[in-house]
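Okay, here's what each chain looks like letter by letter:
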Amino acid sequence: MTLNRNMKIAAVVAFLAIVFIAVPAAISASGRFDLYYTLTSVALLSIASAGVWLTFYIGRINIGQGAYALTGGYVSAILVMNHGWSFWLTLPVAGLFCAAASVLIGLPILRLRGVYFAMVTLVLTEVARLLALALPITNGAKGIVSIPLPGALSVFGITLIPDFATLQNSRLAFYLLAVTLMVVCFAVMYRLVNSRIGKLCQSLQQNEELASSIGVNIAYLRVIAYAVSSFFGGVSGAIFAAISQSIYPSSFTVTDSVNFMLNCFLGGLGYVFGPMLGTLVLYFGWDLLFQTGQFQLLIYSGLMIVLMLVLPNGLLSLAEMTRKKG
């Protein structure tokens, strides 16, 4: 037991050393500063995918995370541009707004199961896009542009985070922000899954009727899980808007919502860190297949089908399979 715990601690320390020390050092040495944006995108997409994974954990197929990422981006952009709020204050507000919206939406739709819930959530992303096109506050198809970079974050006169506009390399700052939030997100997910609430959520995935019969408030757990999921989506969308300094109705589409779901499948639905690995592989895999030209989508689809057949429990199940064989 102690050995297993020590191995987990060593793995976490190694991971933190890689993302916070080794990666910036390697990019600085190679001069490939464009990789900061790529890796920042991977970190933010993995946060949104983690939210989708949480809804899978309660037995629901969520294909609507793009709606909350888009909403979070607009909430942050509107507060910064129209009301002069600090980006750092809009970040939790965007997440909480999405969580509150998901509670209102989730109360009726979380009663649905299987493909019915999936179909409703799939429509949510398109509804969010159409609302962004129609509402005057979102500036329609023109979107919101020229969003300023995050300013300084000060507490009691002490500057914790400098103004991004004054930094020589704002891409590094965004990378550190994204991976920090990613680490916090997955730490929260891991703690949640291994808590009493997490065990109750898992019971919903296995048998809702049985869980309800022993006194589990399944409606409450479903709404809480969906709200946390949407919070992650809103936060990731808000940071994307800050990085690109713009937000449009097409910034997050149905395709993005499907990809969030695929990230979870590819990494492994049975593993908390599955969305992180799935996002990394899917993001870089798609870029590598770009070299194949017109066959890119065909090869991509074929590989995904093969992986689902060979590794139905995702890439992380490889380690477990190897351990059992050993």
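A brief look at the structure comes next. (Residues numbered from 1 in each chain as written. Predicted model: local features only at pLDDT ≥ 70, side-chain atom pairs only at ≥ 80, totals over all residues. Heavy atoms only, no water.)

### Digging into the overall build of the protein
Keep this limit in mind: The secondary structure listing takes helices from DSSP runs of H or I that are at least 4 residues long and strands from runs of E that are at least 2 residues long, numbered from the N terminus. Using C-alpha atoms as the atom set, the radius of gyration is obtained and then compared with a globule rule of 2.2 Å times the number of residues to the power 0.38. Throughout, a residue-residue contact means that at least one pair of heavy atoms, one from each residue, lies within 4.5 Å. Per-residue and other accessible areas were derived by the Shrake-Rupley procedure at a 1.4 Å probe size, with only the shown protein chains allowed to occlude residues. For the charge count, each Lys or Arg is scored as positive and each Asp or Glu as negative, with His and the chain ends excluded. To locate a charge, take atom NZ for lysine, CZ for arginine, CG for aspartate or CD for glutamate.
The number of helices and strands found in the protein is 13 helices and four strands. Computed over the C-alpha atoms, the radius of gyration of the protein is 20 Å, within 12% of the 20 Å expected from 2.2 N^0.38 for a compact globule of 326 residues. Viewed in the frame of its principal axes, the protein has a C-alpha envelope of about 55 × 55 × 50 Å. Contacts in the protein between residues far apart in sequence, at least 24 positions, make up 75% of those at least 6 positions apart. Accessible surface for the protein amounts to roughly 16,800 Å². Of this, 70% is attributable to carbon and sulfur atoms. Each charge class in the protein can be summarised by its mean position, and for the 16 positive and 8 negative side chains these summaries are 10 Å apart.

### Focus: helix α6 (residues 170–193)
Just so we agree on the cut-off: Multiplying one less than the number of residues by 1.5 Å gives the expected span of a helix. Here the term buried applies to any residue with accessible area under 20% of the maximum for its type, exposed to any over 50%, and partly exposed to those in between, with areas from a 1.4 Å probe on protein chains only. Here a polar contact is recorded for every N or O atom pair within 3.5 Å, except that within protein the pair must consist of a potential hydrogen donor and a potential acceptor, and residues adjacent in sequence are included only if both atoms are side-chain atoms.
Helix length check: α6, at 24 residues, gives a terminal C-alpha distance of 34 Å against a target of 34 Å (1.5 Å per residue), a fit within 8%. Those residues of α6 not exposed but buried are A173, F174, Y175, L177, A178, V179, M182, C185, F186, M189 and V193. Where α6 starts, the residue carrying a side-chain oxygen 3.2 Å from the main-chain nitrogen of R171 turns out to be N169.

### Quick look at the environment of K142
Relative to the helices and strands, K142 resides in the loop between α5 (114–134) and β1 (144–145). Residues K142 and W286, spaced 144 residues apart in sequence, show a C-alpha to C-alpha distance of 29 Å.

### Quick word on the pattern of salt bridges
Selection criterion: Salt bridge, as applied in this entry: a Lys or Arg side-chain nitrogen positioned within 4 Å of an Asp or Glu carboxyl oxygen.
All chains considered together, the criterion is met by two salt bridges. D34 serves as the salt-bridge partner of R32, at 3.0 Å between the closest nitrogen and oxygen. Residue classification places R32 among the partly exposed positions, given a relative accessible area of 42%. Two residues, E126 and R129, come together in a salt bridge whose shortest N-O distance is 2.5 Å. Linking E126 with R129, this pair stays in helix α5, spanning three residues, or about one helical turn. Residue classification places E126 among the partly exposed residues on the basis of a relative accessible area of 29%.

### Observations regarding the layout of surface pockets
If you roll a probe as big as a water molecule over the atoms, it shows you where there is empty space left. Definition in use: The definitions used throughout rest on a 1 Å grid laid over the protein atoms alone, on which a cavity is an enclosed set of points accommodating a 1.4 Å probe that cannot get out and a pocket is an open set flanked by protein within 12 Å on both sides along at least five of seven lines; lining residues are those having an atom within 4 Å of a point. Grid points are joined across faces, edges and corners, and a volume is the space filled by probe spheres set on the points.
Reported here for the largest pocket is a volume of approximately 1,700 Å³. In terms of lining, the largest pocket is formed by 42 residues, of which the most central are Y190, Y271, V272, F273 and L316. Breaking the lining of the largest pocket down by element, the ones donating at least two residues are α1 (2–30), α2 (35–57), α6, α7 (196–206), α11 (274–288) and α13 (317–325). At 10 residues, the largest contribution of residues to the lining of the largest pocket is made by α1.

### Overview of a nonpolar patch on the surface
Short version of the rule: Patch criteria: residues need more than 30% relative accessible area and no salt bridge. Like-charged residues are merged within 9 Å; nonpolar side chains of Val, Leu, Ile, Met, Phe, Trp and Tyr are merged within 5 Å.
A cluster of nonpolar side chains, namely V123, V127, L131, L135 and I137, defines an oily patch on the protein surface of about 410 Å² accessible area. Here I137 is to be found in the loop between α5 and β1. I137 gets classed as partly exposed once you look at its relative accessible area, which sits at 48%.

### Points about helix α12 (residues 296–310)
Stated formally: Our arc is simply the arc of the directions from the helix axis toward the C-beta atoms.
An ideal rise of 1.5 Å per residue puts 21 Å on 15 residues; α12 measures up with 21 Å between its terminal C-alpha atoms. Every buried residue of α12 is accounted for by Q296, Y300 and M304. The buried side chains of α12 occupy one side of the element, clustering within an arc of 60° when seen end-on. The exposed set on the far side of α12, more than 90 degrees from its buried face, consists of L298, I305, L309 and V310.

### Overview of the packing of aromatic side chains
In plain terms, the rule: Stacked, tilted and edge-to-face pairs are distinguished by plane angle, under 30 degrees for stacked and over 60 for edge-to-face with tilted covering the rest, among Phe, Tyr and Trp rings (Trp via its six-membered ring) whose centres lie within 6.5 Å.
A full pass over the atoms with the stated rule returns 15 aromatic pairs. Judged by centre distance (5.6 Å) and plane angle (50°), the rings of Y36 and Y175 are tilted. Residue Y36 is found in helix α2, and its partner Y175 is found in helix α6; the two are separated by 139 residues along the sequence. A connected cluster of aromatic rings, assembled from ring pairs, spans F87, W88, F164 and F174.

### Here's the deal with the nonpolar core
In summary, soluble globular proteins display a tendency toward joint burial of nonpolar side chains. Short version of the rule: In these notes, a set of buried Ala, Val, Leu, Ile, Met, Phe, Trp, Tyr and Cys residues joined through side-chain atoms within 4.5 Å is what counts as a nonpolar core.
By size, the foremost hydrophobic cluster in this structure holds 77 residues, and its most contacted members are M189, I239 and I247. At 13 residues, the largest contribution of residues to this core is made by helix α9 (residues 218–244). When sequence neighbours within four positions are dropped, the list of residues in contact with I239 reads L44, F87, L91, L177 and L181. Of all hydrophobic cores here, the second largest spans eight residues; its members include L262, L266, L282 and Y300.

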